[in-house]
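# Architecture at a glance
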Amino acid sequence: MAILVVGLMFGSFSSALVAVLSYFSSAEALQKFTFWSLGSLGNLGWDSIAILGSCVALGLLLSLYTLKALNALLLGENYAKTLGIKFTQTKYILIIATAILAGSITAYVGPIAFIGLAVPHLAKLLFQTSQHQVLFVATLLLGAAVLLLCDILTQLPGTSIFLPINAITSIIGAPIVIWLLVKKQRL
């Protein structure tokens, strides 16, 4: 709960900081920020792709390191501790891995909504397992497939118009998340 509250406060602080910076920014800088906030898988040079790839690889390696601990934590913190899992260390590694993955991807492609929120739940529903080794690979592959599908849908056939990828992911992701919440409430 504390992490959620800290995350909300950090988001609120960041929004306020962005508002202040936007107020003092030029029209050109505001336009660049607006296009970044719509999300895009294009417009990255090879040097940017190399940096992004390195950050993603580091984040994924850290995540891989915690899979055994995550499986043990499914049965509770005390049970995991009896198996020799270092809960505090695992928690910090996961926070660092999440920060590296979310931060680097958002910095380079923009804040693309619902992929990180909906896809893990879809993977769990499709594969009917709680084993994190399976879910890790399933989420990576399903996330890539869904994001590429959304990117394809952003390109209107016969035109040179591209819709914002954030709009497409939200159109697909919002109903999925609502359905998951309603389904969970029924259980």
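A brief report on the enclosed structure follows. This is a predicted model, so every value here is computed, not measured.

## Some details on the packing of aromatic side chains
- Under the counting rule described, the total for this entry stands at 2 aromatic pairs.
- Both rings, one in Tyr 23 and one in Phe 24, keep their centres 5.1 Å apart while their planes meet at 85°; by these two values the pair is edge-to-face.
- A cation over a ring is seen here: Lys 91 above Tyr 92, with NZ or CZ 5.5 Å from the ring centre.

## Here we look at the pattern of salt bridges
- Counting across every chain of the model gives 2 salt bridges.
- Glu 28 is the partner of Lys 32 in a salt bridge, and the nearest nitrogen-oxygen pair spans 3.7 Å. Of this pair, Lys 32 and Glu 28 both sit in helix α2 (residues 27-38), 4 residues apart, which is roughly one turn of the helix.
- We note a salt bridge from Glu 77 to Lys 81, for which the minimum N-O separation is 3.0 Å. Of this pair, Glu 77 and Lys 81 both sit in helix α5 (residues 77-82), 4 residues apart, roughly one helical turn.
- Judged by its relative accessible area of 35%, Glu 77 is partly exposed.
- A relative accessible area of 44% means that Lys 81 is categorised as partly exposed.

## Observations concerning the environment of Leu 122
- Locating Leu 122 in the fold gives a position in helix α7 (residues 115-127).
- Taking the C-alpha atoms as reference points, Leu 122 and Ser 26, 96 residues apart in sequence, are found 41 Å from one another.
- Setting aside residues up to four positions removed in sequence, Leu 122 forms contacts with Leu 142 and Ile 176.

Conventions adopted
Residues numbered from 1 in each chain as written. Predicted model: local features only at pLDDT ≥ 70, side-chain atom pairs only at ≥ 80, totals over all residues. Heavy atoms only, no water. Phe/Tyr/Trp six-rings, centres within 6.5 Å; stacked < 30°, edge-to-face > 60°. Lys NZ or Arg CZ within 6 Å of the ring centre and 35° of its normal. Salt bridge = Lys/Arg side-chain N within 4 Å of Asp/Glu carboxyl O. Helix = DSSP H or I, 4+ residues; strand = E, 2+ residues; numbered from the N terminus. Buried < 20%, exposed > 50% of the residue type's maximum accessible area, 1.4 Å probe, protein only. Contact = heavy atoms within 4.5 Å.

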